[in-house]
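Given next are the chains, with one letter for each unit.
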Amino acid sequence: MFVGPGYIPPGWEPENSHEAQYLQYCRVCQGFKAPRSHHCRKCNRCVMKMDHHCPWINNCCGHTNHAYFTCFLLLAPLGCSHAAFIFIMTMYTQLYERISFGWSTVKIDMSVVNQVQPLIPFSIPVFAATLFALGLALGTTIAVGMLFVIQMKVILRNKTSIESWIEEKAKERIQHYQTGEEFIFPYDLGTRWLNLKQVFTWSGIPKGDGIVWPVHAKCHQYTLTIEQLKQKADKRVRSQVQYQAVESYNGACCPISKGLQTFFRTPCTEEPRIPLRKGDTILATRGTKWWMYGDKVLSEEQIKAGDRVRGWFPRRCVEKCHYDTAASDSTSDKKVN
């Protein structure tokens, strides 16, 4: 929590200016995103080797605290398993002499007291609290234990959760266009041991400076960033559909005025909602049956200022534009030329 993930300095640029063409530019940080870095909306910074933003530690999991976070995912289930064992043995020893079995019923006499007096009398409220705590301990053990397994899987391949998603999209893109490319994840060093040592060290300080990384023999420093740029261009071509707002929306997380289905099916995500006014134009990139996600088309002044409004909005508030957006874009490009 206090070490932090490591941040890319604001205004960062590669040493060789021609390498900037392989990188994405962050408008918020006013600099380029180094390989493996991503911008976090919560931290409002570009994070080195970002895995995800964790609300439990109120910080990002990234380059400098990835090992600490993984140890936390291991120790939390161990501690909860120990607590669960104590709760189970407490209930067993306290209930052993209180339970009587009849022919058709099981009776628990909470008034019976053992020979050894406990520090806290085992009453019905204490029994209920112990049972509730046992449920929390077992739930935490299972849930956080599964997160630990997932983290170890990506670490043993020298990936992050975001990079696993990028790799999946790369394979989908190649399969869709039948380009015949072979995508090799650049940061997998070949063996699990070498990958593990990139995160876990005896000193606790991970290897590398968070900007330059050891890569596969068939790759280079910008293999993944080039793939990201391809995916971004492909997303513009395939995904963006123009919509126009037909109803106003105030940006509420769960708007009851937009219908019960919209209220109860709100996206379970920390991504923002964008308010809409009737007549606004939005470029939608994805969505569900009741909600959509996209970028609001801004004025020239707002674009020059570096503003960007992106988020979720109710599907019932917009209608798809029925004219050909690609044709209109090409026409506008000709006018500019």
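One can find the structure itself at the top, above this paragraph.
Now for a quick tour of the structure. Sequence order as written defines the numbering, with residues in each chain counted from 1. Selection of residues for local features in this predicted model requires a pLDDT of at least 70, selection of side-chain atom pairs for listing and counting requires 80 or more, and totals for whole chains, interfaces and linings are taken over all residues. Only heavy atoms go into the side-chain values, all of them from the structure, while hydrogens and water stay out.

Another aspect to go through is empty space enclosed by the protein. If you roll a probe as big as a water molecule over the atoms, it shows you where there is empty space left. Both cavities and pockets are sets of points on a 1 Å grid over the protein atoms alone; in a cavity a 1.4 Å probe fits but cannot get out, in a pocket the set is open with protein on both sides within 12 Å along at least five of seven lines, and lining residues sit with an atom within 4 Å of a point. Grid points are joined across faces, edges and corners, and a volume is the space filled by probe spheres set on the points. Inspection of the entire model under this criterion finds one cavity of 30 Å³ or more. If you add up the space inside the largest cavity, you get close to 40 Å³. Every residue lining the largest cavity is listed: Leu 23, Gln 24, Lys 33, Ala 34, Ser 37, Thr 225 and Gln 228. When its residues are assigned to classes, the lining of the largest cavity shows two nonpolar, four polar and one charged. As a working rule, the residues Ala, Val, Leu, Ile, Met, Phe, Trp, Tyr, Cys and Pro are called nonpolar, Asp, Glu, Lys and Arg charged, and the rest polar, with Gly in that last group.

Moving on, we come to a positive patch on the surface. Each patch groups residues whose relative accessible area exceeds 30% and which form no salt bridge, using 9 Å between like charges and 5 Å between nonpolar side chains of Val, Leu, Ile, Met, Phe, Trp and Tyr. Residue burial considers only the protein chains on display, and all accessible areas are found by Shrake-Rupley using a 1.4 Å probe. A side-chain nitrogen of Lys or Arg and a carboxyl oxygen of Asp or Glu constitute a salt bridge if their distance falls within 4 Å. His is not counted, nor are the chain ends, whereas Lys and Arg count as positive and Asp and Glu as negative. A single reference atom marks each charge: NZ on Lys, CZ on Arg, CG on Asp, CD on Glu. Side chains of Arg 27, Lys 232, Lys 235 and Arg 236 sit close together on the surface and give a patch of like positive charge. By the element assignment, Lys 235 lies in helix H5 (residues 223-238). Each residue gets one of three labels from its accessible area relative to the maximum for its type: buried under 20%, exposed over 50%, partly exposed in between, using a 1.4 Å probe on protein chains only. You can call Lys 235 partly exposed: its relative accessible area is 38%. The numbering of helices and of strands both runs from the N terminus, where a helix is a DSSP run of H or I of at least 4 residues and a strand a run of E of at least 2.

A few words now on the pattern of salt bridges. Counted under the stated rule, the structure contains ten salt bridges. Here Arg 173 makes a salt bridge to Glu 181, at a shortest N to O gap of 3.3 Å. When the shortest N-O distance is used, the salt bridge between Glu 271 and Arg 286 registers 2.8 Å. Placement of the pair is Glu 271 in the loop between helix H6 (260-264) and strand E10 (281-287) and Arg 286 in strand E10, with a sequence separation of 15 residues. Its relative accessible area of 17% is what places Glu 271 among the buried residues.

This brings us to unusual backbone geometry. In this structure, Asn 58 is a non-glycine residue whose phi angle is positive, near 55°. With respect to the secondary-structure elements, Asn 58 resides in the loop between strand E5 (52-54) and strand E6 (59-61).

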